[in-house]
Amino acid sequence: MNTFFIEFRDPLFSIIIFFALIFVITFFSYWWGRYKRQEDYRHLDKFLRQFRTLPSQNELKVLIAKGELSEKSWLLLASSYFKNGDYEKCIEIYNELLKLGNKANYRETMFLLGKTYFKAGFLERAKQIFLEILKNNPRTPQALHYLLLVYEYMRDYTSALEVLEPLDELDKDISKDSIYLKALALLNDTNLSVEDKAQRLLKIYKKTGQLTYLVFEFLFRIDPKLAWQNFDSSKSELLADILWHVDKKDLDLDIILQNGYLRELYSARGDISKTTESSVFEFDILINLNSSVNATLSFEYICDNCKQVFPFSFNRCSHCHSIDTSRVEFILCKDYHRDFSEENNSFQ
Ligand SMILES: [Zn+2]
């Protein structure tokens, strides 16, 4: 029986203890290494998460109040939030900076806050900010310009026109703004009939030669006959998308056949076949394509001033706020409308 037991003085006992110790040490060092590795990953994840999530409003308050970063750094950070479209964080930073009451950049920070409110669509708050700036510094053209935009977006055209007066006194060019605001006021006047609006818009157009797109978009929509009567063929290129969408029954063939560009445009659309080629690439393709090919034109709009591209037409660029700078570009695309009407016909 004793042969199964090993006495502790036995050398075999020491060897067993030795290997047992090696096993325990190896086992612990393996688990310790694994645990440390996981800890490192967790630490790194936690560290990187700080950069993925934005600081909360309270965290921002504490950070700004501590004053560890300079005001300029906070303004730079707010500007990058603004560029990324994160207006909420941008507004929080400006508001906290204003609460600190540093007088050095107070007016500039107020202006940036107003601009951000405007961009974020908080028009009433933006208005209050710009009025506050102008109360203390009435000769601030940037604030006046934004106040004008705020009133325009709020459709308060009377107030917007009033802002032009101090801008004029500061030698700013207000002619385009003035014509544009008067035209908008006219279009939104509920006391005027559609015919009256058309006549008054034409009067503005003939007097100034501006707002071609705005005027003819309205005229072709409400009275194509009147639009053709006052149509200036030299503006065809500018109005290409409007002309492309004029109903076939409203086309004035006498005017169209006399103008090369219009002949090409309506030949490309398939209404007439008076030309076999065009200097406009997209028209040329459509003219030479078999009419059974399901292709048409779609449009995009480029601001000639800031080169931003928009999928919809505009009279005032929403990016740089310049007026009448839209240029239409053509895109060849599949005619989904024709697809849809053919599908519907096949069910009849
Ligand atoms: Zn622009």
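Residues numbered from 1 in each chain as written. Predicted model: local features only at pLDDT ≥ 70, side-chain atom pairs only at ≥ 80, totals over all residues.

Engineer: Go over the overall build of the protein, please, and point to the residues and values.
Structural biologist: In terms of regular secondary structure, the protein is built from 17 helices and three strands. Taken over C-alpha atoms, the radius of gyration comes to 35 Å for the protein, far larger than the 20 Å a tight globule of 348 residues would show. (Helix = DSSP H or I, 4+ residues; strand = E, 2+ residues; numbered from the N terminus. Rg over C-alpha atoms; globule rule 2.2 N^0.38 Å.)

Engineer: Help me get a handle on helix α8 (residues 157–169), residues and values and all.
Structural biologist: An ideal rise of 1.5 Å per residue puts 18 Å on 13 residues; α8 measures up with 19 Å between its terminal C-alpha atoms. Buried residues of α8: Tyr157, Ala160 and Val163, and no others. Taken end-on, α8 shows its buried residues confined to a sector of 105 degrees, consistent with a single buried face. Exposed positions of α8 whose direction lies more than 90 degrees from the buried face are Thr158, Glu165 and Glu169. One or two residues past the end of α8 sits Asp171, with phi positive at roughly 65 degrees. (Expected span 1.5 Å × (residues − 1). Buried ≥ 20, exposed ≤ 12 C-beta atoms within 10 Å, placed from the backbone. Arc of directions from axis to C-beta.)

Engineer: Give me the sheet that holds strand β2 (residues 309–310): which residues, what numbers.
Structural biologist: Pairing in this open sheet of three strands is antiparallel, and the strands run β2-β1-β3 from one edge to the other. Only two strands of the sheet have a single partner each, and these edge strands are β2 and β3 (326–334). In the sheet, strand β1 (residues 295–303) pairs with β2 via two bridges, with the strands oriented antiparallel. Considered in β2, the bridge of Ile302 is made with Val309. (Pairing = 2+ DSSP bridges.)

Engineer: Break down the nonpolar core for me, citing the residues and quoting the values.
Structural biologist: In terms of nonpolar packing, the biggest core is built from 59 residues, with Tyr94, Phe130, Leu147, Val150, Leu211, Val215 and Phe216 touching the most fellow members. It is helix α7 (residues 141–153) that provides the largest number of residues to this core, a total of eight residues. Among all residues touching Val150, those that are not within four sequence positions of it are Phe118, Leu123, Ala126, Lys127 and Phe130. (Core = buried A, V, L, I, M, F, W, Y, C linked by C-beta atoms within 7 Å. Contact = placed C-beta atoms within 7 Å.)

Engineer: Kindly report on the environment of Phe310, identifying the contributing residues and their values.
Structural biologist: Note that Phe310 resides in strand β2. Taking the number of C-beta atoms within 10 Å as the measure of exposure, Phe310 has 14 and is therefore partly exposed. The residues contacting Phe310, other than those within four sequence positions of it, are Glu300 and Tyr301.

Engineer: If you had to explain the confidence of the model for the protein to someone new, which residues and values would you point to?
Structural biologist: When pLDDT is averaged along the protein, the result is 88, and 92% of the positions lie at 70 or above. Per-element mean pLDDT across the protein ranges from 63 in helix α17 (residues 336–346) up to 96 in β2. (pLDDT = per-residue confidence, 0-100.)

Engineer: Residues and numbers for the packing of α7 against α8, please.
Structural biologist: Between α7 and α8, the least distance of the axes is 8 Å, while the angle of their chain directions is 165 degrees. As judged from the angle between their axes, α7 and α8 are roughly antiparallel. Once α7 is placed against α8, the crossing between them reads as left-handed. Listed contacts from α8 to Pro141, Leu144, His145, Leu147, Leu148, Tyr151 and Glu152 of α7 are Ser159, Ala160, Val163, Pro166 and Leu167. Looking at side-chain class alone, the contact of α7 with α8 contains nine nonpolar, two polar and one charged residues. (Axes fitted to C-alpha atoms, helices over the stretch in contact; angles between N-to-C directions. Parallel < 35°, antiparallel > 145°, perpendicular 65-115°, else oblique. Left-handed = near helix turned anticlockwise from the far one by under 90°. Nonpolar A, V, L, I, M, F, W, Y, C, P; charged D, E, K, R; others polar.)

Engineer: Give a detailed account of the pairing of β1, specifying residues and quantitative values.
Structural biologist: Relative to β3, β1 runs antiparallel, the two being bridged by nine bridges. By the bridge assignment, Phe299 is partnered in β3 with Phe330. The loop that links β1 with its antiparallel partner β2 comprises five residues; one of these, Lys307, has a positive phi angle of about 65 degrees.

Engineer: Kindly report on helix α10 (residues 194–208), identifying the contributing residues and their values.
Structural biologist: When the terminal C-alpha atoms of α10 are compared, their 21 Å separation across 15 residues agrees well with the 21 Å that a helix rising 1.5 Å per residue should span. Of all the residues in α10, the buried ones are Ala198, Leu201 and Tyr205. Taken around the axis of α10, the buried residues stretch over an arc of 70 degrees, which confines them to a single face. Counted as exposed and oriented over 90 degrees from the buried face of α10: Glu195, Asp196, Gln199, Lys203, Lys206 and Lys207. Buried residues along α10 sit in contact with α9 (175–187), α11 (212–222) and α12 (224–229). Looking one or two places after α10, you find Gly209, whose phi comes out positive at around 70 degrees.

Engineer: Summarise the environment of His245; cite the residues concerned and give the values.
Structural biologist: Tracing the sequence through the fold places His245 in the loop between α13 (240–244) and α14 (253–258). On the basis of neighbour count, His245 is assigned to the partly exposed category, with 13 C-beta atoms found within 10 Å. Put simply, His245 and Phe220 are 25 residues apart on the chain and 9.3 Å apart in space, counted from C-alpha to C-alpha.

Engineer: Which residues make up the environment of Asp335, and what values go with them?
Structural biologist: Relative to the elements of secondary structure, Asp335 occurs in the loop between β3 and α17. Overall, the presence of 15 C-beta atoms within 10 Å leaves Asp335 in the partly exposed class. In this structure, the C-alpha to C-alpha distance between Asp335 and Ser298, residues 37 residues apart in sequence, is 9.1 Å. When sequence neighbours within four positions are dropped, the list of residues in contact with Asp335 reads Asn294, Ala295 and Thr296.

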